Amino acid sequence: MSMFSLKDRVALVTGASRGLGFAMAQALAEAGAHVAINARDAAAVEAAAAKLRERGLSAEAAAFDVADGPASIRAVAEFAAKHGRLDILVNNAGVQHRVPVTQWTDEDFERVVAINLTGCFRLAREAVRVMQPRKWGRIINTGSVAAILGRPTIHAYVAAKAGLHGLTRSMAAELGRDGITINALAPGYFATEMNTALLENAEFTAWVERRTPAGRWARPEELGGAAVFLASDAAAYVNGHVLAVDGGLSTSL
């Protein structure tokens with residue numbers, strides 16, 4: 001069996017009804033995993049899972065709000081009980097909010113942090129409870145190149161993603177001896193629904209193309225291979241790492 005195979009693995013991917021989450025869920029399923037697709041919208045989640053099943057892949061819907069603590073805890077417990085395990089958690093659900101710093105309200109900041117950081121911690125904690133007895137687990141957090149370099153107007157997003165990078169390292173330091181690895185992906189500029197406003201801005205798109213050594217926006221499916229790698233036995237000794245998937249953006253000036 002290939003060291004990249006995820007055959008018989010069971011995965012939960014949050015924020016996966018579209019965009020980067022769906023691309024990663026699809027890649028995990030293509031590698032052999034059974035994937036639970038999560039988002040808040042039950043209809044959208046079921047439609048996304050159906051797309052994978054139509055291709056002969058193994059997928060189910062798992063609709064819940066990652067900002068809802070009791071619902072998240074219940075969802076992990078029920079999923080693990082149903083399958084007898086949870087091997088892979090991809091913490092991908094996130095929101096964005098763009099305004100100048102003086103226009104940010106406390107409520108706006110707290111909402112972004114609750115989804116992009118606190119919700120990830122909560123799900124990771126619950127996943128670890130399931131993974132520890134089996135002495136095997138993979139947790140992948142979707143961070144951001146913006147947490148490495150910083151960007152104006154998206155202050156809570158940058159703060160939350162930077163916190164998620166730190167959480168990745170601290171959990172990795174604690175859980176490595178339990179056979180659980182925790183790593184993060186730091187995507188650069190991907191052509192997703194979350195970035196629609198930027199994609200439609202010709203000046204900004206031209207800047208991305210100039211600033212990124214690869215010379216273009218990334219396609220969502222280009223994050224899938226990195227997720228499969230970190231979820232597989234090929235990455236058994238990769239722990240606490242933040243892997244930038246950004247076309248070289250964070251390595252050059």
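Residues numbered from 1 in each chain as written. Predicted model: local features only at pLDDT ≥ 70, side-chain atom pairs only at ≥ 80, totals over all residues. Heavy atoms only, no water.

Undergrad: I would appreciate a short explanation of the overall build of the chain in the present structure.
TA: Counting its regular elements, the chain contains 9 helices and 7 strands. For 253 residues, the compact-globule estimate of 2.2 N^0.38 gives 18 Å, and the chain sits close to it at 17 Å. Structurally, the chain occupies a C-alpha span of about 50 × 40 × 40 Å along its principal axes. Of all 253 residues assigned to the chain, the portion counted as buried reaches 53%. Within the chain, residue pairs in contact and separated by at least 24 positions form 73% of the contacts whose partners lie at least 6 positions apart. Looking at the chain as shown, the accessible area adds up to about 11,400 Å², and 54% of this sits on carbon and sulfur atoms. In the chain, the 26 positive side-chain charges and the 25 negative ones have mean positions that sit 5 Å from each other. (Helix = DSSP H or I, 4+ residues; strand = E, 2+ residues; numbered from the N terminus. Rg over C-alpha atoms; globule rule 2.2 N^0.38 Å. Buried < 20%, exposed > 50% of the residue type's maximum accessible area, 1.4 Å probe, protein only. Contact = heavy atoms within 4.5 Å. Areas by Shrake-Rupley, 256 points an atom, 1.4 Å probe, with all protein chains shown as cover. Lys, Arg positive; Asp, Glu negative; His and termini not counted. Charge placed at Lys NZ, Arg CZ, Asp CG, Glu CD.)

Undergrad: Which parts of the structure should I look at to understand helix H2 (residues 42-54)?
TA: Helical geometry note: an α-helix holds 3.6 residues per turn, so side chains three or four residues apart project in the same direction. Between its terminal C-alpha atoms H2 stretches 18 Å, which fits the 18 Å expected from 13 residues at 1.5 Å a residue. Summarising the contacts, the buried residues of H2 are in contact with helix H1 (19-30), strand E2 (34-39) and strand E3 (59-63). Gly56 lies just past H2 and shows a positive phi near 85°. (Expected span 1.5 Å × (residues − 1).)

Undergrad: Can you help me understand the side chain of Arg9 in this one?
TA: Within the fold, Arg9 resides in the segment before strand E1 (10-13). When sequence neighbours within four positions are dropped, the list of residues in contact with Arg9 reads Ala33, His34, Arg85, Asp87, Ile88, Trp136 and Asp233.

Undergrad: Any chance you could explain the environment of Val35 here in plain terms?
TA: Among the secondary structure elements, Val35 is positioned in strand E2. With relative accessibility at 0%, the residue Val35 sits in the buried group. A C-alpha to C-alpha distance of 6.4 Å links Val35 and Ser58, two positions 23 residues apart in sequence. Those residues in contact with Val35, other than ones at most four positions away along the chain, are Ala11, Val13, Ala25, Leu28, Ala29, Ser58, Ala59 and Glu60.

Undergrad: Which parts of the structure should I look at to understand the packing of aromatic side chains?
TA: Aromatic ring pairs are defined here through the distance separating the ring centres and the angle between the ring planes. Applying the stated rule across the entire model yields 7 aromatic pairs. Centre to centre, the rings of Tyr189 and Trp207 are 6.0 Å apart; their planes meet at 85°, and the pair counts as edge-to-face. Remark: Trp207 occurs in helix H8 (residues 202-211) and Tyr189 occurs in the loop between strand E6 (180-187) and helix H7 (196-199); sequence separation between them is 18 residues. With 5.5 Å between their ring centres and 75° between their planes, Tyr189 and Trp217 make a pair best called edge-to-face. You can see Tyr189 sitting in the loop between E6 and H7 and its partner Trp217 sitting in the loop between H8 and helix H9 (224-231), a full 28 residues away along the chain. In this structure, Tyr189 and Trp217 share a single accessibility class: buried. A cation over an aromatic ring shows up here: Arg9 above the ring of Trp136, its NZ or CZ 3.5 Å from the ring centre. A cation sits over an aromatic face here: Arg151 above Trp207, 5.1 Å from the ring centre. (Phe/Tyr/Trp six-rings, centres within 6.5 Å; stacked < 30°, edge-to-face > 60°. Lys NZ or Arg CZ within 6 Å of the ring centre and 35° of its normal.)

All quantities given are derived from atomic positions and should not be read as evidence of function.
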